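Analysis of the macromolecular model
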Amino acid sequence: MNTDQFLAKSQLKPIDKASFTWQTPSNIALVKYWGKSNPQIPKNASISFTLHNCHTITTVDFARKPHSELDLESEKVVTFNLFFEGKQKDDFKPKIAEFFKRIQTYCPYIFEYKMTINSENSFPHSSGIASSASGLSAIAMCLMSLEKELCAELSTEFIHKKASFLARLGSGSASRSIEGPLVVWGEHSEIEGSSDLFGVQFPYKVHSVFENYQDVILLVDTGEKQVSSTVGHKLMINHPFAENRFKQANENLGTMSKILQEGNIKDFISLVESEALTLHAMMMTSNPYFILMKPNTLEIINKIWEYRSAENSAICFTLDAGANVHVLFPEREKEKVNEFIKNELALYCDNNQYLCDQVGVGAKMLLNERY
Ligand code: DP6
């Protein structure tokens, strides 16, 4: 695998101070990534819808360290402060420090700046929505904005590719949060340009039924997850069904590619729901086993099935690594399904909370200042 293309070009002009703000979205996988090898290489290809409303806004302020500090080669350290929703957040620091460690070969300029990271999410902090995808993709975009200032010849295409490459090293699914509305991550023979190193936009024309596809996220459990994704991925090592699962996921991605192009909504529904339940089946058959779904997750799934057959609807569900349910449906059903959710599904949510979202286009720059 050619990672040399991501090594930073020699610097043209150091700058003293810069500040960049990016808004990057969360995403929801249709074919799931579950299982990886080092360094953050997925065991199978995955595809996700990029979301629009669920996002992180991150500002990184860069201040060049004084020469006296820079000259001390032996003291090469990454210096940063982290604020989340205005408050210093030292408990998030180890994950970000690990991220900087993984990317330092590709972004050696991070040693030269003091970085202050300010981050906030559009969704409630304890909503059970993973913020690592949007959070790490936002930092990756801010780093690429700095890199563009330092090495001005970078194209937008390269910036997106390298941002996804960097984000992946922080959290696998974050590689799918730079672009939209559909992103594939993981090498796959039927997806042109796909790679294990970064996410790529789904390269084929998508049927109109999937335009502005809706995703309502039902917040079933807003507490801390008992088992993190990172631990869950590790449990796929020596998992008795792992090899079959990876093979199945790759086959499913090929099938999903055709479905998305042809607009076969019935096949879409069965594949998406099967992927969600297979992901949780992997968790339930890990050693040690675990269950992230809650009783209300199952209540909601059954209600969705009843509604689908009674109303001849194209509604379906998917799950990520938690108890929350993503309700997916075409835009044409928006009004009716929103009523159904408000009247019948909200009752199963923590404090009746749910978030209305739809597919989006990816990262957006909000501010770019250099001095
Ligand atoms: C179930 O990307 O959170 O949401 O790479 O360890 O950070 P790390 O894991 P993460 O895993 C996401 C798993 C998933 C499925 C998916 O998004 O494809």
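This one's a predicted model, so the numbers in the text were calculated from it and none came from an experiment. Along every chain, residues carry numbers that run from 1 in the direction the sequence is written. Totals for whole chains, interfaces and linings use every residue, but because this is a predicted model, local features are given only for residues with pLDDT of at least 70 and side-chain atom pairs only at 80 or more, for both listing and counting. Heavy atoms from the whole structure form the basis of all side-chain values; hydrogens and water molecules are not counted.

Quick notes on the sheet that holds strand 13 (residues 354-358)
This is how it is decided: Whether two strands pair depends on DSSP finding at least two bridges between them. Helix and strand labels come from DSSP, where a helix needs a run of H or I of at least four residues and a strand needs a run of E of at least two; each type is numbered from the N terminus. Every axis in this analysis is a line fitted to C-alpha atoms, fitted for helices over the stretch in contact. Angles between the N-to-C directions lie between 0 and 180 degrees. Between two residues, a contact is recorded if the distance between any of their heavy atoms is within 4.5 Å.
Pairing is antiparallel in the open sheet, where four strands are placed in the order 11-12-10-13. Edge strands, defined here as strands with exactly one partner in the open sheet, are strand 11 (316-319) and strand 13. Pairs of neighbouring strands in the sheet enclose a mean axial angle of 25°, with direction left out of account. Across four bridges, strand 11 lies against strand 12 (residues 325-329) in antiparallel orientation. From the neighbouring strand, Thr318 faces strand 12, where its bridge partner is His326. Helix 7 (residues 265-284) rests against strand 11 and strand 12 of the sheet, and its axis sits at about 30° to strand 11. Against the sheet, helix 8 (residues 295-311) makes contact with strand 10 (214-218), strand 11 and strand 12, and its axis sits at roughly 155° relative to strand 11, the strand it touches most.

A closer look at the site of the ligand
Test applied: Any residue with a heavy atom positioned within 4 Å of a molecule or strand is treated as near that molecule or strand. A 3.5 Å cut-off defines polar contacts: any pair of N or O atoms within that distance qualifies, except that in protein one atom must be a possible hydrogen donor and the other a possible acceptor, and neighbouring residues in sequence count only when both atoms are side-chain atoms. Per-residue and other accessible areas were derived by the Shrake-Rupley procedure at a 1.4 Å probe size, with only the shown protein chains allowed to occlude residues. Here the term charged refers only to Asp, Glu, Lys and Arg, the term nonpolar to Ala, Val, Leu, Ile, Met, Phe, Trp, Tyr, Cys and Pro, and the term polar to all other amino acids, Gly among them. Domain borders in the structure are assigned automatically or taken from a domain database.
Taken together, 16 residues sit near the ligand, with Tyr33, Lys36, Ser171, Gly172 and Ser173 positioned nearest. Measuring from an oxygen atom of the ligand, one finds a backbone N or O atom of Gly172 at 2.7 Å. Within the complex, 93% of the 460 Å² of free accessible area of the ligand lies under protein. In terms of residue count, the dominant contributor to the shell around the ligand is helix 5 (residues 229-234) (three residues). Residues belonging to the shell around the ligand are distributed by class as follows: five nonpolar, seven polar and four charged. When residues are assigned to domains, the shell around the ligand turns out to be shared by domain 1 (10-204 + 360-370) and domain 2 (213-358), each giving three or more.

Digging into unusual backbone geometry
One can expect most non-glycine residues to show negative phi and most peptide bonds to be in trans. Residue Pro39 follows Asn38 across a cis peptide bond; omega there is -15°. Within the secondary structure, Pro39 sits in the loop between strand 2 (36-37) and strand 3 (41-42). A cis geometry characterises the amide bond from Gly180 onward to Pro181, with omega recorded as 5°. Of note, Pro181 is situated in the loop between helix 4 (156-170) and strand 8 (182-185). Not every positive phi belongs to a glycine, and Gln40 is a case in point at roughly 60°. Within the secondary structure, Gln40 is located in the loop between strand 2 and strand 3.

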